[in-house]
Amino acid sequence: MPTPAERKALVFFATVIALGASTRAYRTLHSRSPADVQSRSALERQIQAADSARRAGFRKGKHDRPLKSPPKPAGPVDMDVAGTAEIESLRNIGPALARRIVADRDSFGPFGSMDGLSRVKGIGPSMVVKLGSSVTFSLVPRPTNTVIPRRSELPKARRKPHRRDTSP
């Protein structure tokens, strides 16, 4: 609990801070210096440029026109080295899937083939068929770890019989 002298000091400092902030706000709002006029006109030009860019289709908003489709790639896209923009330019691949493809490649290494690409969530057999002629692979895939088969996948001869408790 502050003492009465400390309370007076806190009230004094709070008053000084409040008066200083209100003085700055008043000067800013009521100032008509040439620098402020130039700043305001520059800000208005930036706002107009942003609005014209939005209307031109560079940004998609809720009520805006749809974005122009990305340009088609000139040749097959190398999925082992391509960036998200190149991958997104492929048919049936959107920005989210392109980011997942790049993230998977960065985490687990190059794909090397369509089988490697199919490990990405969202790329199933039908997508593999659609992408077949428009993608290529230049790198060798990273070797995968050996997977230990489940008991049900072992041949019947190798299975150990269950031991039943036959004691009385």
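Residues numbered from 1 in each chain as written. Predicted model: local features only at pLDDT ≥ 70, side-chain atom pairs only at ≥ 80, totals over all residues. Heavy atoms only, no water.

**Details of the overall build of the chain**
On a plain count of helices and strands, the chain comes out with six helices and two strands. Going residue by residue from the N terminus, the α and β elements of the chain occur as α-α-β-α-α-α-α-β. Restricting the contact set of the chain to residue pairs at least 6 apart, pairs at least 24 apart contribute 41%. Total accessible area computed for the chain in this model is approximately 14000 Å², and 59% of it derives from carbon and sulfur atoms. (Helix = DSSP H or I, 4+ residues; strand = E, 2+ residues; numbered from the N terminus. Contact = heavy atoms within 4.5 Å. Areas by Shrake-Rupley, 256 points an atom, 1.4 Å probe, with all protein chains shown as cover.)

**Observations regarding a nonpolar patch on the surface**
A cluster of nonpolar side chains, namely Phe 12, Phe 13 and Val 16, defines an oily patch on the protein surface of about 320 Å² accessible area. Along the chain, Phe 12 falls in helix α1 (residues 4-30). (Patch = residues over 30% accessible without salt bridge, like charges linked within 9 Å, V, L, I, M, F, W, Y side chains within 5 Å. Salt bridge = Lys/Arg side-chain N within 4 Å of Asp/Glu carboxyl O.)

**Digging into the side chain of Ser 89**
Within the secondary structure, Ser 89 is located in the loop between α3 (84-88) and α4 (95-108). Here Ser 89 falls in the buried class, since its relative accessible area comes to 10%. For Ser 89, the side chain forms a polar contact with the main-chain oxygen of Glu 86, separated by 2.5 Å. (Buried < 20%, exposed > 50% of the residue type's maximum accessible area, 1.4 Å probe, protein only. Polar contact = N/O pair within 3.5 Å; in protein donor to acceptor, adjacent residues only side chain to side chain.)

**Thoughts on α1**
Relative to the 39 Å expected for 27 residues at 1.5 Å per residue, α1 spans 39 Å between its end C-alpha atoms, a close match to the ideal helical length. Counting buried residues along α1, only zero of its 27 residues qualify, which leaves the element largely exposed. (Expected span 1.5 Å × (residues − 1).)

**Thoughts on the nonpolar core**
Counting 18 residues, the largest nonpolar core has Met 79, Ile 87, Ile 93, Ile 101, Leu 117 and Leu 131 as its most contacted members. Elements supplying a minimum of two residues to this core: α4, α5 (114-117) and α6 (125-131). Broken down by element, this core gets its largest block of residues, four residues, from α4. Beyond its immediate chain neighbours, meaning those up to four positions away, Ile 101 contacts Met 79, Ile 87, Ile 93, Phe 111, Leu 117, Val 120 and Ile 123. (Core = buried A, V, L, I, M, F, W, Y, C linked by side-chain atoms within 4.5 Å.)

**Comments concerning the confidence of the model for the chain**
On average, residues of the chain score 78 in pLDDT, and 67% of them reach the 70 mark or higher. Within the chain, no element has a lower average pLDDT than helix α2 (residues 34-56), which sits at 74, and none a higher one than α4, at 92. (pLDDT = per-residue confidence, 0-100.)

**Observations concerning the side chain of Asp 104**
Of note, Asp 104 is situated in helix α4. Accessibility expressed as a relative area gives 11% for Asp 104, which makes it buried.

**Quick look at unusual backbone geometry**
One non-glycine residue, Asn 92, adopts positive backbone phi at about 70°. Looking at where Asn 92 falls in the secondary structure, it is placed in the loop between α3 and α4.

**As for the pattern of salt bridges**
Pairing between side chains becomes possible if they bear opposite charge and their charged atoms approach one another. Here the structure, examined in full by the defined rule, presents one salt bridge. Among the salt bridges present, the one from Asp 104 reaches Arg 119, with a minimum N-O distance of 2.5 Å. Of this pair, Asp 104 sits in helix α4 while Arg 119 is found in the loop between α5 and α6, placing the two residues 15 residues apart along the sequence. By relative accessible area, which is 36% here, Arg 119 ends up partly exposed.

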